[in-house]
Amino acid sequence: MNFWETITGSDLTRDWKAFEARAAALPADYQAAWNQIVGNLFAYGNFTGRNLMPILDAALGLLEEAAADGQSVHEVLGDDIPGFCAALAGGEGARTYRDRWREQLNRNVARKLRRLGG
Amino acid sequence: MDGLTEMLKGTLEGCVLEIIGGEETYGYAITRRLNELGFTDVVEGTVYTILLRLERNGLVQVTKRPSEVGPPRKFYVLNDAGREELAAFWAKWQYVSSRIDSLKEGPR
Amino acid sequence: MGIQDMIEGKKQWRAHVARVKALPPDYQIVYKEMQRYLFKVGPTDLAGEDLLPGIVDFFEEGAAAGKGVLQLIGSDVAAFCDDLIKESPTYADVYQKSLNGNPGTDEK
C-alpha cells in the first residue's frame, strides 16, 4: 500500500506487509471490514503510523480470531465501524464504547452458557 | 454480608496481603479464608486478579508446586516490599477507620 | 509486537489454542468472549507472555477442581477482565498520549 509508505516511511513497510498478508487470509466480509477499519484509523490526524500499529494489530487479531470461530463480522463489530475505530483509538466516545463492549461480553456469555445448558 | 463489592474495593488487596503474610498460601485457600471471614461475595477470580497485581508489582514471591488434583498450583509468600506494603495498608486503614468512627460519634 | 508475534509465532499460539480447546465447554465460551473483549480494549499487557496464558492456567485449575466457570470468576465477566488489566494502559491511551505533545515519544 503506497499510501502507507508515503506517510510512515519504509521502515514500517515490512510490518504493514505482514498485516496485509494476514488480512488476505481472512474471509471476504472480514477483509472488507478490515479495509474500513484501516481507512477510518488513517483519518485520525497527526499520527506517524508507529503509534497506531499496535491498535491495528489488536484489531486484526480480533478479526482473525472471530473469523476462525466462524462468526459473522457484523456480530463482532456491529454496524458502526467509524464509532468502533474511534473507540479503538481512544477518541471521544471511547468510554461509551467500552461500556457497550462490557455489556456485550456479559450478554454473550450469558446467552451462550444458557444455550449450552439447554 | 452481601453487596460489599464497592466498599471492599481497595481494601481487599490489603486483606490478601495480610493473609499471605501469615503463611505461604495459594489462591483458593485465600478465597476460602475471605469467605469464612464473612466476605461471601468474593470469588476466586477476584483473588486471582489481586494476586496477579501483587506479583507484577513485585510484592510477593511465587513458587509453583504440583497439586494432587490438576495442574501445578502457585504458592505465595510476601517479600520485603510486600511486608512494607502491608504495614502501609494497616496504617492507612487505621487512619480511615478512626476518621470515620469519629465522624459517626459526631462533633465534640 | 504483541499479538502479531503471538499469532505469527505460530507454534506458541497453536499450543495456547489447543489448551483452550481442552477446557470444558463453559470455560471455552467464557475464555473466547474474554479474549475478544481484551483485543478490543487493547491493554499493552496483551504483548506480555503471561496475560492470556495466565488466564488459561487459572481456568485449568478451576476446571480440575470441578467448578463451573462463573462459580470461579463470578457472573460479571467484564468486571473480571477489567480487574485483570486495571494497571495496564491501553494502546489507545498510548496513542492519545502521543498526540498530546511529544510526538515520537509514545513510550510510556
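It should be noted that the structure appears before, not after, this text.
What counts as what
Counting restarts for each chain, with residues numbered from 1 along the sequence as it is written. Think of it this way: whatever chain is written first is A, whatever ligand is written first is 1, and the rest follow in order. Per-residue local features are limited, in this predicted model, to residues with pLDDT of at least 70; the limit for side-chain atom pairs, both in listing and counting, is 80 or more; totals at the level of whole chains, interfaces and linings are taken over all residues. Note that water and hydrogens are dropped before the side-chain values are worked out from all heavy atoms of the structure. When DSSP finds two or more bridges between two strands, those strands count as paired. Secondary structure elements are taken from DSSP: a helix is a run of H or I of four residues or more, a strand is a run of E of two residues or more, and numbering for both begins at the N terminus. By definition in these notes, contact holds between two residues if any of their heavy atoms fall within 4.5 Å. In this description, buried area is defined as the sum, over both parts, of the accessible area (probe of 1.4 Å) that is lost when the two are combined. Throughout this description, the term salt bridge denotes a Lys or Arg side-chain nitrogen within 4 Å of a carboxyl oxygen of Asp or Glu. Pairs of N or O atoms within 3.5 Å make up the polar contacts considered here, provided that, within protein, one atom can donate a hydrogen while the other can accept it, and that residues adjacent in sequence are counted only when both atoms are side-chain atoms. Fitted lines through C-alpha atoms give the axes, limited to the stretch in contact for helices. The angle between two N-to-C directions lies from 0 to 180 degrees. Just so you know how the angles are binned, under 35 degrees is roughly parallel, over 145 roughly antiparallel, 65 to 115 roughly perpendicular, and the rest oblique. Left-handed describes a crossing whose near helix is turned anticlockwise from the far helix through less than a right angle; right-handed describes the clockwise counterpart. In this classification, Asp, Glu, Lys and Arg are treated as charged, Ala, Val, Leu, Ile, Met, Phe, Trp, Tyr, Cys and Pro as nonpolar, and every other residue, Gly included, as polar. Pairing of aromatic rings covers Phe, Tyr and Trp, the last counted by its six-membered ring, and requires centre-to-centre distances within 6.5 Å; plane angles under 30 degrees mean stacked, over 60 mean edge-to-face, and any other angle means tilted. Here the term buried applies to any residue with accessible area under 20% of the maximum for its type, exposed to any over 50%, and partly exposed to those in between, with areas from a 1.4 Å probe on protein chains only. When the NZ atom of lysine or the CZ atom of arginine is within 6 Å of a ring's centre and also within 35 degrees of its normal, the charge is said to sit over that ring. Expected helix span is given by 1.5 Å per residue-to-residue step, counting one fewer step than there are residues.

1. Examining the pairing of strand β3 (residues 73-78) of chain B
All names here are of chain B.
1) Next: Relative to β3, strand β1 (residues 25-26) is paired through two bridges, and the arrangement is antiparallel. Pairing of Thr25 across the sheet is with Tyr76, part of β3.
2) Next: Inspection of the sheet shows strand β2 (residues 60-65) paired to β3 by six bridges, in the antiparallel sense. Opposite Arg65, over in β3, you have Arg73 as the bridge partner.

2. Some points on the interface of chain B and chain C
1) Next: Taken together, the 16 residues of chain B in the interface contact 20 residues of chain C.
2) Next: For the chain B face of the interface with chain C, the top three residues by lost area are B:Tyr48, B:Arg53 and B:Arg56, together amounting to 37%.
3) Next: For the pair chain B and chain C, the interface holds three salt bridges.
4) Next: Ionic pairing is found between C:Asp45 and B:Arg56, a salt bridge with its closest N-O pair at 2.8 Å.
5) Next: Along the contact surface separating chain B from chain C lie seven residue pairs in polar contact (both at pLDDT 80 or more).
6) Next: Of all the secondary-structure elements, those providing two or more residues to the side of chain B that touches chain C are α4 (44-56) and β3 of chain B.
7) Next: Per element, the largest residue contribution to the side of chain B that touches chain C is seven residues, and it comes from α4(B).

3. Here we look at the packing of helix α2 (residues 12-22) of chain B against helix α3 (residues 27-37) of chain B
Residues and elements named next belong to chain B.
1) Next: Between α2 and α3, the shortest axis-to-axis distance is 11 Å and the interhelical angle comes to 115°. By the criterion of interaxial angle, the relationship of α2 to α3 is roughly perpendicular. Here α2 runs over α3; the crossing is right-handed. Counting all contacts with α2, which are made through Leu12, Cys15, Val16, Ile19 and Ile20, the residues of α3 involved are Ile30, Arg33 and Leu34.
2) Next: When the residues that make up the contact of α2 with α3 are grouped by side-chain class, the tally is seven nonpolar, no polar and one charged.

4. Observations concerning the packing of aromatic side chains
1) Next: Counted by the stated rule, this structure contains 10 aromatic pairs over all chains.
2) Next: Measuring from ring centre to ring centre gives 6.2 Å for A:Phe19 and A:Trp34, while their planes differ by 80°; the resulting arrangement is edge-to-face. Of this pair, A:Phe19 sits in helix α2 (residues 13-24) while A:Trp34 sits in helix α3 (residues 28-42), placing them 15 residues apart in sequence. Both residues of the pair, A:Phe19 and A:Trp34, count as buried.
3) Next: Centre to centre, the rings of B:Tyr48 and C:Phe80 are 6.4 Å apart; their planes meet at 40°, and the pair counts as tilted. One end of the pair, B:Tyr48, is in helix α4; the other, C:Phe80, is in helix α6 (residues 77-84), on a second chain. Neither residue differs from the other here; B:Tyr48 and C:Phe80 are each classed as buried.
4) Next: Ring pairing ties together the aromatic residues B:Tyr48, C:Tyr27, C:Phe58, C:Phe59 and C:Phe80, which thus form one cluster.
5) Next: Lying across the ring of A:Tyr97, A:Arg100 places its NZ or CZ 4.3 Å from the centre.
6) Next: The ring of B:Phe75 carries B:Arg65 above its face, with NZ or CZ at 5.2 Å from the centroid.

5. A look at α4(B)
All names here are of chain B.
1) Next: Between its first and last C-alpha, α4 extends 18 Å over 13 residues, near the 18 Å set by a 1.5 Å rise per residue.
2) Next: Among the residues making up α4, those that are buried are Glu44, Gly45, Val47, Tyr48, Thr49, Ile50, Leu51, Leu52, Arg53 and Leu54.
3) Next: Phi turns positive one or two residues past the end of α4, at Gly58, with a value near 65°.

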